[in-house]
Amino acid sequence: MTPVIAPPEPGLTEAELVERAIALRPALIERQAETERLTHYPQTTHEDFLRAGFYRALQPRRYGGYEFGLPVFYRVVTEVARGCPSSGWALSLTAAHVLQVASAFGERAQDEIFGADGEFRAASTLAPVGVAQPDGDHVILDGTWPYSSGAPYSTHYVGQTLRAPEKPGDAPGPLVLFCAPREVWTVLDDWHGVLGLRGSGSNSIRMAQARIPAHHMVGAGLLDLPVEGGSPGSELHGNPMYAGRAPSFFHGELAAIMTGTAYAAADEYARILATRPLTLEPDRTRAELHDYQRNLGEALGIIHTAHAALQQTAQEWMETCRRNVSGEAPFTTAEDNRLALMFLHAGRMAWDVLQGTLFRTAGSRHARDGERMQRYFRDAATYWTHIGPSMAEPLARRVGCDRLGLPSGHIPLIP
């Protein structure tokens, strides 16, 4: 298909994109404190991401993107999070929502949303807010959407609201998904006082009687976008990646961020071992002690395993999309449950080893303000309170019921 918008670097390869993420690590590490102070990554980091092409990794080539697959996207997110977890979080949760827009919205809407230059970065949140009030061929949105990670640099907002009732007195209708341009919403300065991910730009966004075209809204929620047999996006772009279920994909994002954060903690642990002298033998360092060598080796083994699980599950997600569009096997909710739980366990492995081995044995001096190990622990602990990891128990029950041939759709994922 002839692209409407050419990508900035038509010949960019997946390997080059990953190498750019690795090369940025030293700069991201140096900017960690500034990123927390600003509550979002600095303009220099944003410009680095623009030049590198990270925001366009999953974007359709028709609209100026590179249309790379999930494994390479997650690899980029992992490498960025290894440099700065807050930056990795914000990058992923703005560059990723293009997948849902390119999957669920029709051609007319996509042409308008991506515009003339293909600039698209979209914050989002699972929480539905307000009601979409009809206004001719438009809808009116009003409300405040919290925890919109990456909002400061977003060009669009992908959110959920409720369909207006058909007649006065009726309850609002089911969830709908919308895409709103930057000019109809504002970012609130309310991302303060959090334990970790302080630089993720997870601000609230406010819409006051915002008016968007009705066809920039689809009748489904993020957790249940219909994809079985294909989607408007897989047909438009000729790529089955745009006919995948969103919940498992979202869990993969979090796992990629946590894997990168665990790698960052292991990097810092190795630095501590090599530079911290022994209390009673100051001419030697902890790096010479067997216990610390073993701690680092065991931690790295677990992190490598989590990374391998993340990448393998990403490949399975892509293959499930392919089989879905080819007609070999639909991308069912049961498959989504299985993949989501696999991603979730990869993230959990990273969290467990970070807090149980690396942070615990690094020493209390590295739990002080300004220490990178403390920052990584705070970031990981905040991940562990996120709505994603809170789905572990209901997802496990769903997967068990699916295996037993019992119904599982009635088990709520969100409390």
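Thresholds applied
Residues numbered from 1 in each chain as written. Predicted model: local features only at pLDDT ≥ 70, side-chain atom pairs only at ≥ 80, totals over all residues. Heavy atoms only, no water. Helix = DSSP H or I, 4+ residues; strand = E, 2+ residues; numbered from the N terminus. Rg over C-alpha atoms; globule rule 2.2 N^0.38 Å. Buried < 20%, exposed > 50% of the residue type's maximum accessible area, 1.4 Å probe, protein only. Contact = heavy atoms within 4.5 Å. Areas by Shrake-Rupley, 256 points an atom, 1.4 Å probe, with all protein chains shown as cover. Lys, Arg positive; Asp, Glu negative; His and termini not counted. Charge placed at Lys NZ, Arg CZ, Asp CG, Glu CD. Phe/Tyr/Trp six-rings, centres within 6.5 Å; stacked < 30°, edge-to-face > 60°. Lys NZ or Arg CZ within 6 Å of the ring centre and 35° of its normal. Salt bridge = Lys/Arg side-chain N within 4 Å of Asp/Glu carboxyl O. Pairing = 2+ DSSP bridges.

1. What to know about the overall build of the protein chain
Okay, step 1: Each helix and strand counted, the protein chain has 14 helices and 8 strands in total.
Okay, step 2: Over its C-alpha atoms the protein chain spans a radius of gyration of 22 Å, differing by no more than 12% from the 22 Å that the globule rule assigns to 415 residues.
Okay, step 3: Projecting the C-alpha coordinates of the protein chain onto the three principal axes gives extents of approximately 80 × 50 × 50 Å.
Okay, step 4: Counting over 415 residues, the protein chain shows a buried share of 55%.
Okay, step 5: Look at the contacts in the protein chain between residues 6 or more apart in sequence, and 74% of them connect residues 24 or more apart.
Okay, step 6: For the protein chain, the computed accessible surface area is about 17000 Å², with 54% contributed by carbon and sulfur atoms.
Okay, step 7: Positive and negative side-chain charges in the protein chain, numbering 37 and 46 respectively, have mean positions lying 5 Å apart.

2. Focus: unusual backbone geometry
Okay, step 1: Not every positive phi belongs to a glycine, and Thr39 is a case in point at roughly 75 degrees.
Okay, step 2: Considering the arrangement of structural elements, one finds Thr39 in the loop between helix H3 (32-38) and helix H4 (43-52).
Okay, step 3: For Gln209, which is not glycine, the phi torsion reads 55 degrees and is therefore positive.
Okay, step 4: Tracing the backbone shows Gln209 in strand E7 (residues 203-213).

3. Overview of the packing of aromatic side chains
Okay, step 1: All chains considered together, the criterion is met by 22 aromatic pairs.
Okay, step 2: Between the aromatic rings of Phe114 and Phe120, the centroid separation amounts to 5.2 Å while the plane-to-plane angle is 50 degrees, which identifies the pairing as tilted. One exposure class covers both Phe114 and Phe120, and it is buried.
Okay, step 3: On the basis of an interplanar angle of 85 degrees and a centroid distance of 6.2 Å, the ring pair of Tyr147 and Trp191 is categorised as edge-to-face. Here Tyr147, found in strand E3 (residues 138-148), pairs with Trp191, found in the loop between strand E6 (186-187) and E7; they are 44 residues apart in sequence, far enough to count as distant.
Okay, step 4: The class of Trp191 is buried, set by a relative accessible area of 9%.
Okay, step 5: Over the ring of Tyr55 we find Arg121, and its NZ or CZ is 5.1 Å from the ring centre.
Okay, step 6: Over the ring of Trp185 we find Arg182, and its NZ or CZ is 4.4 Å from the ring centre.

4. Looking at the pattern of salt bridges
Okay, step 1: Summed over all chains, the structure comprises 28 salt bridges.
Okay, step 2: Residue Arg62 pairs with Asp111 through a salt bridge whose shortest N-O separation is 3.4 Å. You can see Arg62 sitting in the loop between H4 and helix H5 (70-83) and its partner Asp111 sitting in helix H8 (residues 107-114), a full 49 residues away along the chain.
Okay, step 3: Take Arg62: its relative accessible area is 11%, and that puts it in the buried class.
Okay, step 4: Given the relative accessible area of 31%, Asp111 is considered partly exposed.
Okay, step 5: Put simply, Arg245 and Glu228 hold a salt bridge, and the shortest N to O gap is 3.4 Å. Taken as a pair, Arg245 in the loop between helix H9 (232-237) and helix H10 (246-275) and Glu228 in the loop between strand E8 (217-218) and H9 lie far apart in primary sequence, 17 residues in all.
Okay, step 6: For Glu228, a relative accessible area of 47% translates into the label partly exposed.
Okay, step 7: Beyond isolated ion pairs, a larger network of salt bridges with shared partners links Glu30, Glu268, Arg271 and Arg372.

5. Overview of the pairing of E7
Okay, step 1: As paired elements, E3 and E7 share 8 bridges and run antiparallel to each other. Residue pairing across strands places Trp145 opposite Ile205, the latter belonging to E7.
Okay, step 2: Relative to E7, E6 is paired through 2 bridges, and the arrangement is antiparallel. Residue pairing across strands places Thr186 opposite Arg206, the latter belonging to E7.

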